[in-house]
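The residues making up each chain are set out below.
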Amino acid sequence: MIEVCDVLIIGAGPAGLAAAARLKQLGAGRVIVVERETAAGGVPRHCRHSPFGMREFRRVLGGPAYARALAERATNMGAEIRLGTTVVGIERNGDLAVALTSDTGVRRLKPKRILLATGTREKTRAARFLTGDRPLGILNTGALQSYAEKGLAPFRRPLILGSELVALSSLLTCRGLGARPVMMIEERPAPLARASFMFLPRLLGVPVRCGVRIADIHGQKRVEGVRLVLADGSEMDLACDGIAISGHFTPEASLARAAGLEIDPGTGGPVIDQFGRTSDARIFAAGNLLHPVETAGWCWAEARRLAGFLAISLSDQLPEGTVASVHPGPGIAYVVPQRLVRGGTGLKQLQLRATEPVRGRLATEDKGKRTLSRRRALFPERRLLLPVPDLTQAGGNIVIGIED
Amino acid sequence: MRVADIAVIGAGAVGCAVARRFALHGASVLVLEKEADLLSGASKANSAILHTGFDAPPGSLELACMQEGYAEYLDIRGQMNLPLLETGAMVIAWTEAELAALGPIADQARANGIGDVRLISPAEIASHEPHLSGRALGALLVPGEHIIDPWSPFLAYLLQAKAHDAEIAFSSEVTGGAFDGEIWTLQTSTGERRAKTVINCAGLYGDAIDKLLLGAADFEIRPRKGQFVVFDKAAADFLRTIILPVPTERTKGVVLCRTAFGNVLVGPTAEEQKDRVRATTDEASLRELVRRAIDMLPPLKDIGVTAVYAGLRPATEEKHYRIAAKPERQWITVGGIRSTGMTAALGIARHVYRMYDSSAAPPLPEQHLPLMPNLAEHLPRDWSQAGYGEMVCHCELVTRREIEAALSGPLPARDFGGLRRRTRCAMGRCQGFGCHARIAELTRGYFETPLTIDPVA
C-alpha cells in the first residue's frame, strides 16, 4: 500500500522545519519531513560560531543547538521527520507521488502538497572554471565546515577565496581546526561583507587582498601553491596547501528541475508566485532554494509565511491565474517571486539582488508605464525589498532594472 | 625471487587489458604501476566512447585493434556486468566544406567494414535530436558508436588478471633494470622485480621507459592535452546521440555526448605541450568548450557545469600506434595509444599476445569472471536495494555499502581518484560540498594520500 500524507516537506533545514511546525500548528494534517542527511537542521548544524535563534527562540544559540531546537519544535508539533531518506523522483502526472530511498529500500509516497526546501550550496571549483591542477585540498566552505564538525582538517595553510560572510565563517572554521589561512582574496575591487565585519581577518592576522584572481593552481597530490594576478596586473606566487572556495551560491534545485518545474535562470531555483507556488500549484518552494543565499532566520520566517499559504491551498482557497510576471532588468540578478497572482494576501514584498555593487535609480516598467523609485545602493550579497506592485490594473511583464 | 613470465609496466587501460589477456593464457603476470591506483595517467581522462573505427585509417593496426576490442567488449560485458549506453553517433557537417567531406567519410567507414552508416538530411538529424541547433547541413549516422563506463571495465580486467594469480604492484615506479639474456631484472621504487618478458604499456612515459631499459626509443611522446566539461544531468534530456565533428588529420575534434553516468560531456581540446605531468584546466578553454556546446545544443545555456577535467594523451610524432616487439630483448613496446585506446585495449591485448606467442595457445578453459557493481545511470544502482547503510554522496546516490566495497576486496581504491572512479562519490554537481568530509572519515587509514592532514601537535 502506498503511504499518503497531506504535506511532504523535502529538506529539514531551517525553512523545511519552520514550515513543518507552522503547518502542524495550522492543523494541516499529516506532515512528513524527509531529510537525506542523517541529522536534521541543515547548514546551521555545521556553524558553531554564528548567532542564531533570536527571531525564532528569543535567545542566542549556536548553529547545532539552533538546528536541534528547530527539529524539536517541529517534532513536538507533530510533524514526522525521516532522516537518511532521499527523494529520487517526483511524479506529477495525475496525483503527486514521490519515490524515496532509504536503508530500508525504495518506497512511494503520495502527498497532497509538496514543499521543496532543498536549500543551496556553493558554486564548485569546476563550475567557477578555476584554472590549474586539480589536487586534493580544494573545498567549498560547506565541506570545510563538515570536516571541522568531525574534527578533521583538510589543510593547514589554505588560501580563502571570497570575502562574503561565508568566507569569514571559513576563516573562523580554519582557526578552530588549527589551520592558519595564508591570505583571503576577493576578485571584486572591494570586500563583499560589510566593512564592519572585515575587522575579523585583521584580528586573525590574515591579509585581505581585493581585485585578485587565481591564475594557476599547482600541485599533483595536494595543493602546493597558487599564482595570483593582483589588482595592478602583476603576478605573485603564494605557497599554500589548500583553497577554501566560498560563496557564489547555487540553489540545490536538481529535484525541482528533474520534476519539470519551471526554473528561473536568475536565481537558479524554481519560479514561484507570491504564495510560494511553483509552476505546479501543488508544489511549493521555500528557503534558500528560492534565493541564494539568505540567513537561516530569514529562511525560517519566510517559510513560516509560505506554510500559511500552503495550508490555505489544502482547502483550495488560494487565488489562481497569473496576472503578471516579474523580470530582472539591467543590473538586477533576480527578483523573487517571479510570478504574481491577483487577490489573496501573499508575500508583500519582492526580493531583489544586484549583479554588481552599484548606486543607481531602481526603475520599474510595467506595460511600458514606468514607476521610478528613489536612488538606492545595491550589493550582490544583500537583499533589497520592494513592495509587490499594485495589480489592480497592472498585468503582463513587469521589469525591474537599475538606471544610472 | 619469483620470476614472472610477463612484467607489464603501467596499469592504464592498455596495461590492464594486456595483463588480463596474458593471465587468461596461464602466464604469470606482474603489473608495475608507479601511481597508487590503476588508470591514474592518460587513461583516466577520456570521452568514454566505444568507437566502431569508422574513421580510422583503413588497413591500420589501430583499426584492427579497435574492431577486435569493440567485439570483445560486447562479448564479455554481459558476464562482467559492464554497461553499454546504446546511443549511435552523428558526424555533423556544420559547413558546406564539411558536408562535402561526409561522402568520403561514409566510403571510408564502409571500407572499414562499418556497413550500417548512412548520410542523413537535416530533417532526419532533427528527428533524432530535436534540441540540436538547426544549423546542421547534414550528417553521417553511425549506429554502432556507443558510450561505456570508462573505468569499471579496466578495473574488471585487472581483477580478472589478479584472479588468475597476476601480481599487481602499485606505487612501483620502474627506475632501472637490465636484461641478462634470459631474464629482466627491474629496479622499482618498491624493490627489485624479475620477469622473462617486459611489456611496456607506460602510456605518457612509453618512450622514457624504452630509453631507460633499452637505451633508445623508436618514438617520442608528445603529450596532447584534452580538457573536458561535464554538464549537469539535467542536460541528458536534450541529447541522445554522440555528436561528432568532421575529424581532422590531427584530432577527432570536440565531441558532445552523454556519459554512462547520466551527464552530458563536451571535449576534448587538443593542446600540444611538453609537460607530461600537469594536465591543467584553464578558464578560457573551458568557457570556449561551453560556448561550442551551447552552439551545438542551445538548451545547455541553462544547465550548470558539474565537473571539468583534463588529461594528456600519449601522442607521438606519428599518428599510428607504436607497437613493436624486440624478441631478442624479450620486450614489447605498446606506445602511442591515443584516444582510441580505450576502445582498442582488448584488441591491442590480443594483438600483443599473438606477437608474444605466435601459436596463440587457447586461453585457460576455466576463467574467473569478476562481476562489477553498476555505476551507469540507466541501469539499477545500489541505492535501489535495501540495506545500503547510508547515502554518502547525494548527487551521485553513492551508498556507504558501495564505498566500503570499493575500499576492500582484491583491488581496493588506494587514493581518492580511485575511489571516485570506482563509486562516483564526489563526482556529482556539488563536487563533494555535501559528502567530502564523510568520505574523509570513511577512508581514514586507506589512502596513501589521505583526505585529511594530521592535526598540528
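About the cut-offs
- Residues numbered from 1 in each chain as written.
- Chains lettered and ligands numbered in written order.
- Predicted model: local features only at pLDDT ≥ 70, side-chain atom pairs only at ≥ 80, totals over all residues.
- Heavy atoms only, no water.
- Helix = DSSP H or I, 4+ residues; strand = E, 2+ residues; numbered from the N terminus.
- Rg over C-alpha atoms; globule rule 2.2 N^0.38 Å.
- Buried < 20%, exposed > 50% of the residue type's maximum accessible area, 1.4 Å probe, protein only.
- Contact = heavy atoms within 4.5 Å.
- Lys, Arg positive; Asp, Glu negative; His and termini not counted.
- Charge placed at Lys NZ, Arg CZ, Asp CG, Glu CD.
- UniProt positions renumbered as here; feature names shortened; annotations may be inferred.
- Buried area = accessible area lost by both parts, 1.4 Å probe.
- Salt bridge = Lys/Arg side-chain N within 4 Å of Asp/Glu carboxyl O.
- Polar contact = N/O pair within 3.5 Å; in protein donor to acceptor, adjacent residues only side chain to side chain.
- Domains from an automatic or database assignment.
- Phe/Tyr/Trp six-rings, centres within 6.5 Å; stacked < 30°, edge-to-face > 60°.
- Lys NZ or Arg CZ within 6 Å of the ring centre and 35° of its normal.

- Naming follows an unreviewed UniProt entry, where chain B appears as FAD/NAD(P)-binding oxidoreductase of Terrihabitans soli.

- Chain A goes by FAD/NAD(P)-binding domain-containing protein in an unreviewed UniProt entry, where it is assigned to Terrihabitans soli.

**Some thoughts on the overall build of chain A**
- Scanning chain A for helices and strands turns up eight helices and 25 strands.
- Over its C-alpha trace chain A gives a radius of gyration of 22 Å, about what one expects of a compact globule, namely 22 Å for 404 residues.
- By its C-alpha atoms, chain A is 60 × 55 × 40 Å across when sized along the principal axes.
- A buried classification covers 58% of the 404 residues belonging to chain A.
- Within chain A, residue pairs in contact and separated by at least 24 positions form 62% of the contacts whose partners lie at least 6 positions apart.

**Considerations on the overall build of chain B**
- In terms of regular secondary structure, chain B is built from 11 helices and 21 strands.
- In summary, chain B has a C-alpha radius of gyration of 22 Å against a globular reference of 23 Å for 457 residues, a match within 12%.
- Reported as C-alpha extents along the three principal axes, the dimensions of chain B are approximately 65 × 55 × 45 Å.
- Pairs at least 24 apart in sequence give 72% of the contacts found in chain B among residues at least 6 apart.
- Each charge class in chain B can be summarised by its mean position, and for the 48 positive and 54 negative side chains these summaries are 2 Å apart.

**Digging into the UniProt feature "domain: BFD-like [2Fe-2S]-binding" (unreviewed entry) in chain B**
- UniProt tags residues 391-442 of chain B as "domain: BFD-like [2Fe-2S]-binding" (unreviewed entry).
- Between the end C-alpha atoms of residues 391-442 of chain B the distance is 12 Å, and the span holds 42% helix and 10% strand.

**Here we look at the interface of chain B and chain A**
- Each partner contributes to the interface: chain B provides 49 residues, whereas chain A provides 48 residues.
- Counting the surface lost from both chain B and chain A, the interface buries some 4100 Å², and carbon and sulfur atoms represent 58% of this.
- When the area that chain B buries against chain A is broken down by residue, the three leading residues are His394, Phe433 and Ile453 of chain B, summing to 19%.
- The tally of links from chain B across to chain A stands at four salt bridges.
- Across the pair Arg278 of chain B and Asp133 of chain A runs a salt bridge whose closest N-O atoms are separated by 2.9 Å.
- Seen at the junction of chain B and chain A, the total is 24 residue pairs in polar contact (both at pLDDT 80 or more).
- Of all the secondary-structure elements, those providing two or more residues to the side of chain B that touches chain A are helix H7 (283-296), strand E17 (305-313) and helix H11 (436-442) of chain B.
- Here the element with the most residues in the side of chain B that touches chain A is E17 of chain B; it accounts for six residues.

**Points about the domain arrangement of chain A**
All names here are of chain A.
- Here chain A is partitioned into domain 1 (1-122 + 248-318), domain 2 (124-245) and domain 3 (320-403).
- Just the C-alpha atoms count here: the centres of domain 1 and domain 2 sit 31 Å apart.
- Summing the contributions of domain 1 and of domain 2, the shared interface buries around 990 Å²; its carbon and sulfur component is 48%.
- Applying the counting criterion to the domain 1 and domain 2 interface returns zero salt bridges.
- At the boundary of domain 1 with domain 2, the tally comes to four residue pairs in polar contact (both at pLDDT 80 or more).

**Focus: the packing of aromatic side chains**
- What the rule picks out here adds up to 11 aromatic pairs over all chains.
- A ring pair is formed by Phe52 of chain A and Tyr66 of chain A, whose centres lie 5.0 Å apart and whose planes are at 20°; its orientation type is stacked. Of this pair, Phe52 of chain A sits in the loop between strand E2 (31-34) and helix H2 (54-57) while Tyr66 of chain A sits in helix H3 (residues 63-77), placing them 14 residues apart in sequence.
- Note on Tyr66 of chain A: relative accessible area 0%, which makes it buried.
- Taken together, the ring pairs in this structure connect Phe52, Phe57 and Tyr66 of chain A into an aromatic cluster.
- One Lys or Arg, Arg20 of chain B, reaches over the ring of Tyr157 of chain B and ends 5.5 Å from the middle of that ring.

**Brief notes about the pattern of salt bridges**
- What the rule picks out here adds up to 57 salt bridges over all chains.
- In this structure, Arg188 of chain A and Glu356 of chain A form a salt bridge, with 3.1 Å as the shortest nitrogen-oxygen distance. Of this pair, Arg188 of chain A sits in the loop between strand E10 (183-186) and helix H6 (199-204) while Glu356 of chain A sits in the loop between strand E21 (349-354) and strand E22 (358-366), and the two are 168 residues apart along the sequence.
- Overall, Glu356 of chain A belongs to the partly exposed group, its relative accessible area being 43%.
- Arg322 of chain B serves as the salt-bridge partner of Glu318 of chain B, at 3.7 Å between the closest nitrogen and oxygen.
- What you see here is one network of salt bridges that share partners, running through Lys150 of chain A together with Glu390, Arg400, Glu404, Arg438 and Glu441 of chain B.

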